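Here's the letter readout for the chains.
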Amino acid sequence: MYERFFESINPKLYKAIKKDMKHILKRIGSEKIYSIALVTDEDCISVYLAANTFDFLRKKDLGILKSMKQYLSEDEIRGVENGSYSLTKWIPAEWGYSDDGSGGLTKISRLLFEQEANSPTEYEKDKHLFFETTTSVLKRLMKENVFGSYTNDITFFITLSDGDGIYEIENHSAQQLNSAEVYEKFLHRHEKNCIVVKH
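Quick caveat: nothing in here was measured; it's all calculated off a predicted structure.

A. Spotlight on the overall build of the protein chain. Secondary structure assignment for the protein chain yields 8 helices and 4 strands. Traced from its N-terminal end to its C-terminal end, the protein chain shows the element sequence α-β-β-α-α-β-α-α-α-β-α-α. The globule rule puts the C-alpha radius of gyration for 199 residues at 16 Å, and the 17 Å found for the protein chain is close to it. The dimensions of the protein chain, computed from C-alpha atoms along their principal axes, are 55 × 35 × 35 Å.

B. Structural view of the sheet that holds strand β3 (residues 97–98). Within the open sheet, the 4 strands sit side by side as β3-β2-β1-β4. Their pairing is mixed. Looking along the sheet, the strands with just one partner apiece sit at the ends: β3 and β4 (155–160). In the sheet, strand β2 (residues 47–53) pairs with β3 via 2 bridges, with the strands oriented antiparallel. Within the sheet, the bridge partner assigned to A51 lies in β3 and is Y97. Those strands touched by helix α1 (residues 3–28) are β1 (33–40), β2 and β3, and its axis lies near 30° from that of β2.

C. Region of interest: the side chain of S173. When you line up the elements, S173 lands in helix α7 (residues 166–177). Overall, the relative accessible area of 3% leaves S173 in the buried class. Sequence-distant contacts of S173, that is, excluding residues within four places in its chain, are made with F157 and I158.

D. Spatial organisation of the packing of aromatic side chains. For the structure on display, the rule yields 14 aromatic pairs. Seen from their ring centres, F5 and F6 are 5.0 Å apart, and the 70° between their planes marks the pair as edge-to-face. According to the relative accessible area criterion, F5 is buried, its value standing at 13%. Note on Y34 and F54: the rings are 5.1 Å apart at their centroids and 35° apart in plane angle, and the pair reads as tilted. In this pair, Y34 sits in strand β1 while F54 sits in helix α2 (residues 54–68), placing the two residues 20 residues apart along the sequence. Through successive ring pairs, a cluster of aromatic residues spans Y34, F54, W90, W95, F157 and F186. The cationic tip of K32 hangs over the ring face of Y150; the distance from NZ or CZ to the ring centre is 5.4 Å. Above the face of the Y14 ring, R140 is positioned so that its terminal group lies 3.7 Å from the ring centre.

E. Quick peek at the packing of helix α6 (residues 127–143) against α7. Where α6 contacts α7, the two axes come as close as 10 Å, and the packing angle between them is 40°. With respect to α7, the element α6 is oriented oblique. Both α6 and α7 take part in a crossing whose hand is right-handed. Listed contacts from α7 to F131, T135, L138, K139 and M142 of α6 are I169, Q176 and L177. Grouping the amino acids of the contact of α6 with α7 by side-chain chemistry returns 5 nonpolar, 2 polar and 1 charged.

F. Structural context of a negative patch on the surface. Taken together, the side chains of E42, D43, D162 and D164 define an acidic patch exposed on the protein surface. Structurally, D43 can be placed in the loop between β1 and β2. Residue classification places D43 among the partly exposed residues on the basis of a relative accessible area of 35%.

What counts and what doesn't
Residues numbered from 1 in each chain as written. Predicted model: local features only at pLDDT ≥ 70, side-chain atom pairs only at ≥ 80, totals over all residues. Heavy atoms only, no water. Helix = DSSP H or I, 4+ residues; strand = E, 2+ residues; numbered from the N terminus. Rg over C-alpha atoms; globule rule 2.2 N^0.38 Å. Pairing = 2+ DSSP bridges. Contact = heavy atoms within 4.5 Å. Axes fitted to C-alpha atoms, helices over the stretch in contact; angles between N-to-C directions. Buried < 20%, exposed > 50% of the residue type's maximum accessible area, 1.4 Å probe, protein only. Phe/Tyr/Trp six-rings, centres within 6.5 Å; stacked < 30°, edge-to-face > 60°. Lys NZ or Arg CZ within 6 Å of the ring centre and 35° of its normal. Parallel < 35°, antiparallel > 145°, perpendicular 65-115°, else oblique. Left-handed = near helix turned anticlockwise from the far one by under 90°. Nonpolar A, V, L, I, M, F, W, Y, C, P; charged D, E, K, R; others polar. Patch = residues over 30% accessible without salt bridge, like charges linked within 9 Å, V, L, I, M, F, W, Y side chains within 5 Å. Areas by Shrake-Rupley, 256 points an atom, 1.4 Å probe, with all protein chains shown as cover. Salt bridge = Lys/Arg side-chain N within 4 Å of Asp/Glu carboxyl O. Lys, Arg positive; Asp, Glu negative; His and termini not counted. Charge placed at Lys NZ, Arg CZ, Asp CG, Glu CD.

The structure is reproduced here in structure tokens:
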């Protein structure tokens, strides 16, 4: 039912992400991005772009450490202090940069919401088309270096802000969007160099 809708939204999504990323890159300046995530919700009726840099990650981890020390071992505390562990590396809600809520993806979210409201049951059945479309658009933008001149060094994935199956969606999308080497490292993101903080 929604094949035509997602076909029509593909070029709009492309333009929206390209526009929003341009603004994000201006704010980031000379900081180096290590990951970019496209974030949606369990119903796939909202979407925003999140990016993080090594500089922001370091500041964020040290800031959170103050309130987390009671839950961490001495080794973990030292790890965060010296930068070998992270509390927030793979949690987009804790990242430093995203579209500002008035960009192109806000309009896309409105379109998604309207479509879901028209026929929630049918939209639920066709949610896979949302992920196929967003993955396709991200791949195209990556080839065009829209995310910066060092796109190959960035880990890309799609995630959910709520709901079940977040880990599986992140892994599947990361496999589709990254090289085998980058994907393999992402698969083990909660096993080393990162303290597990469930989201």
